[in-house]
Amino acid sequence: MSNSFANEKRSLVSALVDNETLQPAELAELEKLRTSDNFRAQIAVIKAVKSTLYARHGALKIALPEDLEQSIRNALRREPAQLASTALRKRPLDMWHYAYALVVLLFVGLVWWMWNDAGVALKARYVAGFDLRENAYRLASEIRSGDVTLSIKSADSRAISDFFAANGGDYKVFFPPVNFTLERHGTY
Amino acid sequence: MPHMQALFTFACRLCRDNEDAADLMQDTYLKAFRSWDSFQSGSNCKAWMFRILKNSFINNYRRKQASPEMVDYDTVEDFIESVRDSALESTDLERSIFDNTFDDEVTHAIETLPEEFRTAVLLCDVEGFSYADISLIMDSPVGTVRSRIHRGRGMLARNLANYALSRGYGSKQFQQGAI
């Protein structure tokens, strides 16, 4: 092929034969080449190859193996199960991450609560309340017999709360069961 | 199953081995199934499947293939030069050059093409894809696709003419030509 038919222009022949869209500059180039013998020879050869392949299209097909479609179908049927098992393998890992994060969060919260003033006060109140109830029941007979002297005797829960507040406690309401028990035994 | 025949033929041409082609087919359908979400509705499904098959071939099967003998494009140009007069005179060059080739010879001529050229020619002339679709399938610019198609056809023309000549067919110009 002569040098006049530059490399980048050669492929325009195939594009022309294939009815591919060409840029205006490429169309202009083809117009210039239209009278060239080389160009016309190229067109003829490319058309011949294309029509040969087209004419043999049926013969060029390769018969599908009989079991190929079935084997692909089988593989596709197994695929959802494999995808699901993969997802399940991943899911516990994700759950463990969430569980670790939750445990750490709870631990940090617990430490914060334990060291917080409100937490300490609440804890003290709970323990003191427990001791009060236990002592009230345990000492009920001594109180009745006068062996234990009560610091204050009152049916006014507010007065009792004030007494506890003055002595380091912060009980605002007297415990009704204790109150009831003491009244029933006539101590009150 | 859609496009199975076309995909298998293409796979066989790429792999040059029917068993490898069958494995490649299975890979292709599985990958298509897994990545169905990535398929854009309204686009060319056949081209999408061909692209998956082509990429699977590149990733898993190409290394097994022995590289075909490369053809110097200058010799192809020599061929076109040699048939120029015949081409200009004949209104049906196919009849004068390729009509006497057997299907097996056409198949062999295709299989001796370098992979990139073979792929481009098959997608264009056998499967009827546009250059834009082939560009998508081969992941190459349209200009590169166009060049590969043209050069592939040129190589194929020379191979087919060689078969015709070897069996005593062909025009006087072929026998006197440079091929």
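Small disclaimer: the values here were computed from a predicted structure and weren't measured.

Some thoughts on the overall build of chain B
Piece 1. When its secondary structure is counted, chain B shows 11 helices and 0 strands.
Piece 2. Reading the helices (α) and strands (β) of chain B from amino to carboxyl end gives α-α-α-α-α-α-α-α-α-α-α.
Piece 3. Residues counted as buried form 53% of the 179 residues belonging to chain B.
Piece 4. Roughly 7,900 Å² of accessible area belongs to chain B as shown, and the carbon and sulfur atoms make up 45% of that amount.

What about the overall build of chain A?
Piece 1. Scanning chain A for helices and strands turns up 9 helices and 0 strands.
Piece 2. Along chain A, helices (α) and strands (β) appear in the sequence α-α-α-α-α-α-α-α-α when read from the amino end.
Piece 3. For chain A, the share of sequence-separated contacts (at least 6 apart) that also reach a separation of at least 24 residues comes to 49%.
Piece 4. Carbon and sulfur atoms form 59% of the exposed surface of chain A, whose accessible area is close to 13,100 Å².

What to know about the packing of aromatic side chains
All names here are of chain B.
Piece 1. Applying the stated criterion to the full structure yields 3 aromatic pairs over all chains.
Piece 2. Taking the centre distance of 5.6 Å and the plane angle of 70° together, the rings of Trp36 and Trp48 count as edge-to-face. With Trp36 in the loop between α2 (18-34) and α3 (45-61) and Trp48 in helix α3, this pair connects stretches of sequence that are 12 residues apart.
Piece 3. When its relative accessible area of 13% is taken as the criterion, Trp48 is described as buried.
Piece 4. Look at Phe50 and Phe129: their rings are 5.1 Å apart centre to centre, the planes differ by 75°, and that puts the pair in the edge-to-face class. In this pair, Phe50 sits in helix α3 while Phe129 sits in the loop between α8 (115-126) and α9 (131-138), placing the two residues 79 residues apart along the sequence.
Piece 5. Residue Phe50 is classed as buried on the basis of its relative accessible area, which comes to 0%.
Piece 6. Exposure remark for Phe129: the relative accessible area of 6% places this residue in the buried category.

Regarding the interface of chain B and chain A
Piece 1. Listed by partner, the interface residues are 49 residues for chain B and 46 residues for chain A.
Piece 2. Buried surface at the junction of chain B and chain A, both sides included, amounts to about 4,400 Å², of which 65% is carbon and sulfur.
Piece 3. Summed over the shared surface of chain B and chain A, the result is 3 salt bridges.
Piece 4. The partner of B:Asp125 in a salt bridge is A:Lys50, and the shortest N-O contact between them spans 3.2 Å.
Piece 5. Remark: the boundary between chain B and chain A carries 12 residue pairs in polar contact (both at pLDDT 80 or more).
Piece 6. Only α1 (4-15), α2, α4 (73-82), α5 (84-89), α6 (93-97), α7 (103-111), α8 and α10 (142-166) of chain B provide two or more residues apiece to the side of chain B that touches chain A.
Piece 7. The leading source of residues in the side of chain B that touches chain A is α10(B), at 9 residues.
Piece 8. Its residues assigned to classes, the side of chain B that touches chain A comprises 28 nonpolar, 10 polar and 11 charged.

A look at unusual backbone geometry
Piece 1. Of note, A:Asn19 is a non-glycine position whose phi angle comes to about 60°, a positive value.
Piece 2. Looking at the element boundaries, A:Asn19 is found in the loop between α1 (7-17) and α2 (24-33).
Piece 3. Here B:Asp139, not a glycine, exhibits a phi torsion of approximately 55°, which is positive.
Piece 4. On the secondary structure map, B:Asp139 appears in the loop between α9 and α10.
Piece 5. Residue B:Asp139 is classed as exposed on the basis of its relative accessible area, which comes to 59%.

Procedures and definitions
Residues numbered from 1 in each chain as written. Chains lettered and ligands numbered in written order. Predicted model: local features only at pLDDT ≥ 70, side-chain atom pairs only at ≥ 80, totals over all residues. Heavy atoms only, no water. Helix = DSSP H or I, 4+ residues; strand = E, 2+ residues; numbered from the N terminus. Buried < 20%, exposed > 50% of the residue type's maximum accessible area, 1.4 Å probe, protein only. Areas by Shrake-Rupley, 256 points an atom, 1.4 Å probe, with all protein chains shown as cover. Contact = heavy atoms within 4.5 Å. Phe/Tyr/Trp six-rings, centres within 6.5 Å; stacked < 30°, edge-to-face > 60°. Buried area = accessible area lost by both parts, 1.4 Å probe. Salt bridge = Lys/Arg side-chain N within 4 Å of Asp/Glu carboxyl O. Polar contact = N/O pair within 3.5 Å; in protein donor to acceptor, adjacent residues only side chain to side chain. Nonpolar A, V, L, I, M, F, W, Y, C, P; charged D, E, K, R; others polar.

None of the figures reported here should be taken as evidence of function without further support.
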